[in-house]
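Examination of the molecular architecture
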Amino acid sequence: MRNLILPGLAALLAAACSSGPRPAEIAVIPQPARIVESEGFVKIGPDNVRTAVDTAMSNPEGYRLRVGDGGAEIVGGSDAGVFYGLQTLEQLRDSAGRAPQVTIEDAPRFRWRGMHLDVSRHFFPKEFVKRYLDILAYHKINTFHWHLTDGIGWRLQIDKYPLLTQKAAWRKVKDVKSPWIGLELSDESRRDSADTYGGYYTKDDVREIVAYARERHITVIPEIEMPGHSEAATFAYPEYACPTARPGSGIYCPGREETFGFLEGIIDEVVELFPDSPYIHIGGDEVGKEQWSACPLCQKRKREQGLKDEHELQSYFVHRMEEYINSKGKAMIGFDEILEGGLAPNATVMSWTGFEGGIKAANAGHDVVMVPLDYVYFDHYQGQNPCEPQAWGGFNGIRRVYSFDPVPPGIAPENEHYVLGGQANIWTENIRTPEHVEYMLLPRLAALSEVLWTDTTARSWKRFEHKLDRQLDRYAAKGWNYAESAFTPYISDQHFGGDGSLTVQLATELDGYPVHYTLDGSVPTQESTVYTDSVIIREPATLTAVTFRNGKPAGCVLTVPGLLNRATRAKVSYATPYNAAYTGGGDTALVDNRYAFKRGDDKAWQGFEGTDMDVTLDLGSVQSLSGAGLRFLQHIASTSVMLPTRLTVWTSTDGKDFTVAADRAIEPNDDSEVLIEPFDVRFADSVEARYVRVKAANAGVLPEGHPRAGAPAWIFTDEIVVY
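For the structure given in this document, a descriptive report is provided here.

Cut-offs used in this document
Residues numbered from 1 in each chain as written. Predicted model: local features only at pLDDT ≥ 70, side-chain atom pairs only at ≥ 80, totals over all residues. Heavy atoms only, no water. Helix = DSSP H or I, 4+ residues; strand = E, 2+ residues; numbered from the N terminus. Buried < 20%, exposed > 50% of the residue type's maximum accessible area, 1.4 Å probe, protein only. Areas by Shrake-Rupley, 256 points an atom, 1.4 Å probe, with all protein chains shown as cover. Disulfide = S-S within 2.5 Å. Phe/Tyr/Trp six-rings, centres within 6.5 Å; stacked < 30°, edge-to-face > 60°. Core = buried A, V, L, I, M, F, W, Y, C linked by side-chain atoms within 4.5 Å. Contact = heavy atoms within 4.5 Å. Salt bridge = Lys/Arg side-chain N within 4 Å of Asp/Glu carboxyl O.

1. Remarks on the overall build of the protein chain
Scanning the protein chain for helices and strands turns up 16 helices and 32 strands. Once the C-alpha set of the protein chain is aligned to its principal axes, its extents read approximately 90 × 75 × 55 Å. Here the protein chain holds 723 residues, and 60% of them are scored as buried. Accessible surface, the protein chain: about 27,500 Å² in total, of which carbon and sulfur atoms supply 49%.

Here's what the structure looks like:
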């Protein structure tokens, strides 16, 4: 055993991050393996913390922590173990510096506890990358997967190929709200122009970041995408793309021998910049092999190597790059598409499309890191409310992240050791600022950290949920921008009663916090009705609900308008059919009082492809009507879903003779971000009618300039309200 003097210990302990006068408690995330509590509290400061390393400990990242009358003692299996013990001690201390008397024995379940950051779509400055590393270290994350290159931005200085940063790191902004859309290279000489976007890390920047990570016991894994996702690189150096491909097609040509020399030159400099990393990540995902099919050089390579198809050509490419990476003393890692055509002999698989690729690789004796997108893609939404900032799609709330297990069924018990661990990925198509990155990261990283550190036998969602309340106070004290999405109420179930009433059940991802609601559309206060087990609605209402934490609103406000309106449960007939892939729930979807609260993947949306929405409602009796309301989705950046161009409403007493009650042109909205746009169509005069026909005109074939130009537009809607 040797004593350890840890630089920065005073600063670490001075940053006790619990806010307010709350007493010290055992609320450590991730949950330690073993905790024995004693009576009383001890004031802890730099002068009464002793640290040492005991290399005889079975896990070098493990530690023993004892807080007693004499202060705190931390013994780690290595310097890293001591560091993790200090992170635990920091969480034990309250705002007055007191920690409970306790003995903790702890060690991580997995050796790969990773977090990813995409800096290609949006460039983040060096100082933020260091702040990001601070957040990872606080959660005992030990691997930083740095996604440095992709189709629309090269972020790493390579001396041998200066155009990679002179050209491929800069692009002309076509859409100020989504500057990742489109690819028109600019030039570093225009980096200060208003329409130029980009940036890169110098070699000195990288060395500084790697050293900063090393101090926090984080290994930085660089990713250099190949053979696909390489538009920026092949714009700068088109001679390494297929001769038949358009400029910047984004895929390296394995038929050109020079391609391998180009990539080997890059790897040489990457290896020098990342001496601590045992891996070089090559990406390897989403390779559009149709370009290879049309390339004479690739076809010649296939014949020479006896390759039967383009999958085997990709495998040939990956094998060659692995051989070179291995020759530099590094191992290769890539996403699960590198399995296509046969896996390189020493490669590690990062399984992102699901668990299947990882299961296959582990059972074949290959190391695996699990990153399934339906659990740990942090670019997905974490709240089910339109107030959430734009995300890529899907929903990975904190409960779902906590349910992630990197060792799924299907891996033979004798092969489970091939699972090195897991990580979460943050892709930044829709994330433009450091504050937004932190919002998407926290508090989901807390759940991930416990999944990757704590053995399943010591994990408990209920306990984690309780501890998270304290963790959020720590985030606030540190100035980290965490999301309150898990507090936002959502509708967990609803059904109509035999008497025509509507029963709505609410839920939040985090239990134990009061939800207050109103039925008149006003924003609830603490004096508003407290939700218990359901809300029964017997007359037209707008349900509004909000969660309170520590006496203040937390999360977003839930607003559900038009409940039990005149159209509710009306009979609907369709002049144009909805698409079978987006039914919204069938023929009653537009009158069932179920709204889409998530974006395009919400099952409540009803979709019409390439055609108008034209429906007629039978209200059951002649009534006095004054207008109608609808909501439509638009998402130009990623889908063909567009706002309609016109809304027309007719009314009738007999279902045969209809009169136009309202006709409204809809101005185009070129916003590339997701929109959920409400339209309130008021009639000039109230009318007596039983039937209401609503037609939303489709935008037609998408024009040039749209990401899906030439495709038919869709209409997505979720509910028709009649006043």
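2. Description of the state of the cysteines
As used here, a disulfide is simply a covalent bond connecting the sulfur atoms of two cysteines. Taken as a whole and judged by the stated rule, the model has one disulfide. In this model Cys387 forms its disulfide with Cys556; the gap between the sulfur atoms is 1.7 Å. Its torsion about the S-S bond being 85°, the disulfide of Cys387 and Cys556 is classed as right-handed. Residue Cys387 is located in the loop between α12 (373-376) and α13 (398-402), and its partner Cys556 is located in strand β25 (residues 552-563); the two are separated by 169 residues in the primary sequence. On the basis of relative accessible area, Cys387 is assigned to the partly exposed category, the value being 40%. Judged by its relative accessible area of 14%, Cys556 is buried. Here Cys242 is not disulfide-linked; the sulfur of Cys253 is the nearest cysteine sulfur, at 3.4 Å. Take Cys242: its relative accessible area is 3%, and that puts it in the buried class. Cys242 provides the cysteine sulfur closest to Cys295, a residue in no disulfide bond, and the two sulfurs are 3.6 Å apart. Exposure remark for Cys295: the relative accessible area of 0% places this residue in the buried category.

3. Notes on the packing of aromatic side chains
For any pair of aromatic rings, geometry is given as the distance between the ring centres together with the angle between the planes. Taken as a whole and judged by the stated rule, the model has 39 aromatic pairs. Relative to Phe716, the ring of Tyr582 lies with its centre 4.9 Å away and its plane at 50°, an arrangement referred to as tilted. You can see Tyr582 sitting in the loop between β26 (571-574) and β27 (606-609) and its partner Phe716 sitting in strand β32 (residues 714-722), a full 134 residues away along the chain. When its relative accessible area of 33% is taken as the criterion, Tyr582 is described as partly exposed. On the basis of relative accessibility, which here comes to 4%, the residue Phe716 falls in the buried class.

4. So, the nonpolar core
Ranked by internal contacts, the top residues of the largest apolar core, which has 160 residues, are Met115, Tyr132, Phe144, Trp146, Trp154, Ile266 and Leu448. Apart from the residues within four sequence positions on either side, Tyr132 is in contact with Met115, His116, Leu117, Phe144, Ile426, Val437 and Leu441. With 30 residues, the next largest nonpolar core counts Leu617, Leu647, Val681 and Ile715 among its residues.

5. Things to note about the pattern of salt bridges
A pair can form between side chains of opposite charge whenever their charged atoms are brought close. This model, assessed by the stated rule, comprises 41 salt bridges. Between Glu258 and Arg256 there is a salt bridge, with its nearest N and O atoms 3.9 Å apart. Taking the relative accessible area as the measure of exposure, Glu258 reaches 43% and is therefore partly exposed. Here Glu257 and Arg301 are joined by a salt bridge, their closest N and O atoms 2.8 Å apart. Of this pair, Glu257 sits in helix α7 (residues 257-273) while Arg301 sits in helix α9 (residues 296-305), and the two are 44 residues apart along the sequence. The exposure class of Arg301 is buried, given its relative accessible area of 8%. When salt bridges that share partners are traced, they join Lys126, Glu127, Lys130, Asp205 and Glu208 into one network.

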